[in-house]
Amino acid sequence: MENKQESRVETPNVEFHVSYLDTLSGRIEHEEFSDRPAAERFAAAQLKDEDSWAVVDVVVLQVAQGQERAEQLVA
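Everything numeric in this text was worked out from a predicted model, so none of it was measured. (Residues numbered from 1 in each chain as written. Predicted model: local features only at pLDDT ≥ 70, side-chain atom pairs only at ≥ 80, totals over all residues. Heavy atoms only, no water.)

**Let's talk about the environment of His-17**
The condition is simple: Only DSSP runs of H or I covering at least 4 residues are called helices, and only runs of E covering at least 2 are called strands; the numbering of each starts at the N terminus. Contacts are residue-level and defined by heavy atoms, with any inter-residue pair within 4.5 Å sufficient. Whenever a nitrogen or oxygen atom comes within 3.5 Å of another N or O atom, the pair is scored as a polar contact, on the condition that within protein one atom can donate a hydrogen and the other can accept it, and that pairs from neighbouring residues in sequence are kept only if both atoms are in side chains.
Tracing the backbone through its elements, the reader meets His-17 in strand β1 (residues 14-22). Placed 14 residues apart in sequence, His-17 and Glu-31 show a C-alpha to C-alpha distance of 5.8 Å. In this structure His-17 touches Glu-31, Glu-32, Val-55, Val-56, Asp-57 and Val-59, once residues within four positions along its chain are discounted. Within the local environment of His-17, its side chain forms a polar contact with the side chain of Glu-15, the two groups lying 2.8 Å apart.

This is the structure we're talking about:
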(Lines give C-alpha, C1' and ligand atoms only; values in the text may rest on other atoms or scores of the structure.)
Protein backbone atom coordinates (compact mmCIF):
# COMPACT_ATOMS: atom_id res chain seq x y z
CA MET A 1 0.00 0.00 0.00
CA GLU A 2 1.40 3.40 -0.98
CA ASN A 3 2.06 5.96 1.73
CA LYS A 4 0.23 9.06 0.42
CA GLN A 5 1.97 11.33 2.92
CA GLU A 6 5.37 10.55 1.35
CA SER A 7 4.10 11.45 -2.13
CA ARG A 8 3.20 14.94 -0.90
CA VAL A 9 6.82 15.94 -0.26
CA GLU A 10 7.23 19.55 -1.33
CA THR A 11 9.49 20.11 -4.34
CA PRO A 12 11.94 23.02 -4.10
CA ASN A 13 11.68 25.86 -6.61
CA VAL A 14 13.78 24.98 -9.63
CA GLU A 15 14.64 26.32 -13.06
CA PHE A 16 16.05 24.43 -15.99
CA HIS A 17 19.01 26.08 -17.73
CA VAL A 18 19.94 24.94 -21.23
CA SER A 19 23.48 25.60 -22.43
CA TYR A 20 24.09 24.84 -26.09
CA LEU A 21 26.48 25.48 -28.96
CA ASP A 22 25.08 27.80 -31.61
CA THR A 23 26.86 26.28 -34.60
CA LEU A 24 26.10 29.30 -36.81
CA SER A 25 27.95 31.78 -34.57
CA GLY A 26 30.25 29.31 -32.81
CA ARG A 27 29.15 30.72 -29.45
CA ILE A 28 27.85 28.94 -26.37
CA GLU A 29 24.37 30.27 -25.57
CA HIS A 30 22.03 29.88 -22.57
CA GLU A 31 18.25 29.77 -22.12
CA GLU A 32 16.18 29.39 -18.93
CA PHE A 33 12.92 27.45 -18.57
CA SER A 34 10.48 26.92 -15.72
CA ASP A 35 9.62 23.34 -16.67
CA ARG A 36 11.73 20.33 -17.65
CA PRO A 37 9.79 19.18 -20.75
CA ALA A 38 10.14 22.62 -22.40
CA ALA A 39 13.86 22.71 -21.60
CA GLU A 40 14.38 19.21 -22.99
CA ARG A 41 12.43 20.01 -26.18
CA PHE A 42 14.52 23.15 -26.71
CA ALA A 43 17.76 21.25 -26.08
CA ALA A 44 16.76 18.53 -28.54
CA ALA A 45 15.94 21.15 -31.18
CA GLN A 46 19.50 22.49 -30.92
CA LEU A 47 21.00 19.16 -32.03
CA LYS A 48 21.09 20.05 -35.72
CA ASP A 49 24.36 18.44 -36.83
CA GLU A 50 27.21 16.27 -35.54
CA ASP A 51 29.00 19.27 -33.96
CA SER A 52 25.93 20.38 -31.99
CA TRP A 53 25.47 19.79 -28.27
CA ALA A 54 23.09 20.91 -25.51
CA VAL A 55 23.00 20.37 -21.75
CA VAL A 56 20.02 20.79 -19.40
CA ASP A 57 20.97 21.77 -15.83
CA VAL A 58 18.55 21.76 -12.91
CA VAL A 59 19.08 24.89 -10.79
CA VAL A 60 17.55 25.13 -7.30
CA LEU A 61 16.35 28.67 -6.62
CA GLN A 62 17.03 30.10 -3.20
CA VAL A 63 15.42 33.28 -1.92
CA ALA A 64 17.78 35.70 -0.17
CA GLN A 65 16.59 36.82 3.27
CA GLY A 66 16.13 40.42 2.14
CA GLN A 67 14.08 39.35 -0.88
CA GLU A 68 11.93 37.06 1.24
CA ARG A 69 11.11 39.87 3.64
CA ALA A 70 10.33 42.29 0.79
CA GLU A 71 7.94 39.76 -0.73
CA GLN A 72 6.18 39.37 2.60
CA LEU A 73 5.77 43.13 2.97
CA VAL A 74 4.32 43.51 -0.52
CA ALA A 75 1.88 40.64 -0.18
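**A look at the pattern of salt bridges**
Side chains that carry opposite charge are capable of pairing whenever their charged atoms lie near each other. This is how the line gets drawn: The salt bridge criterion pairs a side-chain nitrogen of Lys or Arg with a carboxyl oxygen of Asp or Glu, the two atoms within 4 Å. Using a 1.4 Å probe on the protein chains alone, a residue whose accessible area is under 20% of its type maximum counts as buried, one over 50% counts as exposed, and one in between counts as partly exposed.
Inspection of the entire model under this criterion finds two salt bridges. With its nearest N and O atoms 3.6 Å apart, the salt bridge here joins Glu-29 to Arg-27. Here Arg-27 falls in the exposed class, since its relative accessible area comes to 54%. Close ionic contact of Glu-40 with Arg-36 constitutes a salt bridge, the shortest N to O distance being 3.8 Å.

**A few points about the environment of Glu-31**
Within the secondary structure, Glu-31 sits in strand β2 (residues 27-33). For Glu-31 and Val-18, which are 13 residues apart along the polypeptide, the C-alpha to C-alpha distance reads 5.2 Å. Sequence-distant contacts of Glu-31, defined by excluding residues within four places in its chain, comprise Phe-16, His-17, Val-18, Tyr-20 and Phe-42.

**Observations regarding the packing of aromatic side chains**
Heads up, the rule is: Here a pair means two rings of Phe, Tyr or Trp (six-membered ring of Trp) with centres within 6.5 Å. Their orientation is stacked below 30 degrees between planes, edge-to-face above 60, and tilted elsewhere.
One pass over the full model with this rule turns up two aromatic pairs. On the basis of an interplanar angle of 75° and a centroid distance of 5.3 Å, the ring pair of Tyr-20 and Phe-42 is categorised as edge-to-face. Taken as a pair, Tyr-20 in strand β1 and Phe-42 in helix α1 (residues 36-45) lie far apart in primary sequence, 22 residues in all. For Tyr-20, a relative accessible area of 9% corresponds to the buried category. Centre to centre, the rings of Phe-33 and Phe-42 are 5.3 Å apart; their planes meet at 45°, and the pair counts as tilted.

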